[in-house]
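The lines below spell out each chain.
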Amino acid sequence: MAISFEKAFGMHPHALLIREKRSEVLAENIANADTPGYKAKDVDFQQALQLAKSRQGQNASRTHEQHFHIASTMVKDTLFRHPDQPDTGDGNSVDIHRERNAVMQNNLEYQASLTFLNSRISGLKKALTGTGQ
């Protein structure tokens, strides 16, 4: 019987990729906090997850039997964030406190998915080896 990793891991591999992309976007916002005219960006997690789920199972076509199967799960849904604060005059919409909070929340959610995947992999390993330890 074949193991379906998609069924075993659920949405968590996709969530990790989205959280990774979001951490890059948030870091870019923090790095540009003092850049005049820079607009804060973010990733809509729910929209990106729905997009990843809809792409699930879509592979690039192979032109030769020895080519690798390739599936793309890149997130391209970076959006500009609506500012919570009034314009300071330089056109920058980054609120450093909001960015730091978003980074912390994103890290917690990334760690939660990683912990789930680690426990699921550990369970699969035990099932495959037949050990109850």
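Calculation notes
- Residues numbered from 1 in each chain as written.
- Predicted model: local features only at pLDDT ≥ 70, side-chain atom pairs only at ≥ 80, totals over all residues.
- Heavy atoms only, no water.
- UniProt positions renumbered as here; feature names shortened; annotations may be inferred.
- Helix = DSSP H or I, 4+ residues; strand = E, 2+ residues; numbered from the N terminus.
- Phe/Tyr/Trp six-rings, centres within 6.5 Å; stacked < 30°, edge-to-face > 60°.
- Lys NZ or Arg CZ within 6 Å of the ring centre and 35° of its normal.
- Core = buried A, V, L, I, M, F, W, Y, C linked by side-chain atoms within 4.5 Å.
- Buried < 20%, exposed > 50% of the residue type's maximum accessible area, 1.4 Å probe, protein only.
- Contact = heavy atoms within 4.5 Å.
- Polar contact = N/O pair within 3.5 Å; in protein donor to acceptor, adjacent residues only side chain to side chain.
- Axes fitted to C-alpha atoms, helices over the stretch in contact; angles between N-to-C directions.
- Parallel < 35°, antiparallel > 145°, perpendicular 65-115°, else oblique.
- Left-handed = near helix turned anticlockwise from the far one by under 90°.

1. Description of the UniProt feature "domain: Flagellar basal body rod protein N-terminal" (unreviewed entry) in the protein
Piece 1. Residues annotated by UniProt as "domain: Flagellar basal body rod protein N-terminal" (unreviewed entry) correspond here to residues 21-39.
Piece 2. Between the end C-alpha atoms of residues 21-39 there is a gap of 17 Å, over a span that is 58% helix and 0% strand.

2. Let's talk about the packing of aromatic side chains
Piece 1. In the structure shown here, the tally under the stated rule is zero aromatic pairs.
Piece 2. The aromatic ring of Phe45 is capped on one face by Arg19, whose charged end is 3.7 Å from the ring centroid.

3. Focus: the nonpolar core
Piece 1. Residues Ala15, Ile18, Val25, Val43, Phe45, Ala48 and Leu49 constitute the largest nonpolar core, which totals seven residues.
Piece 2. Of all elements in the fold, only α2 (12-31) and α3 (45-55) reach the threshold of two or more residues within this core.
Piece 3. Not counting the four nearest positions on each side in its chain, Val25 is found in contact with Lys41, Asp42, Val43 and Thr78.

4. With respect to the side chain of Ser113
Piece 1. Counting through the fold element by element, Ser113 comes out in helix α4 (residues 96-129).
Piece 2. Here Ser113 falls in the buried class, since its relative accessible area comes to 7%.
Piece 3. A distance of 3.1 Å separates a polar atom in the side chain of Ser113 from a polar atom in the side chain of His12.
Piece 4. If sequence neighbours within four positions are ignored, Ser113 has contacts with His12, Ala15 and Leu16.

5. Some details on the packing of α2 against α4
Piece 1. α4 packs onto α2 with a crossing angle of 160° between their chain directions and a minimal axis gap of 9 Å. For the element pair α2 / α4, the angle class is roughly antiparallel. Considering the relative orientation of α2 and α4, their crossing is left-handed. Here α2 contributes His12, Pro13, Ala15, Leu16, Arg19, Glu20, Arg22, Ser23, Leu26, Asn29 and Ile30 to the contact with α4, which in turn contributes Ile96, Glu99, Ala102, Val103, Asn106, Glu109, Tyr110, Ser113, Leu114, Phe116 and Leu117.

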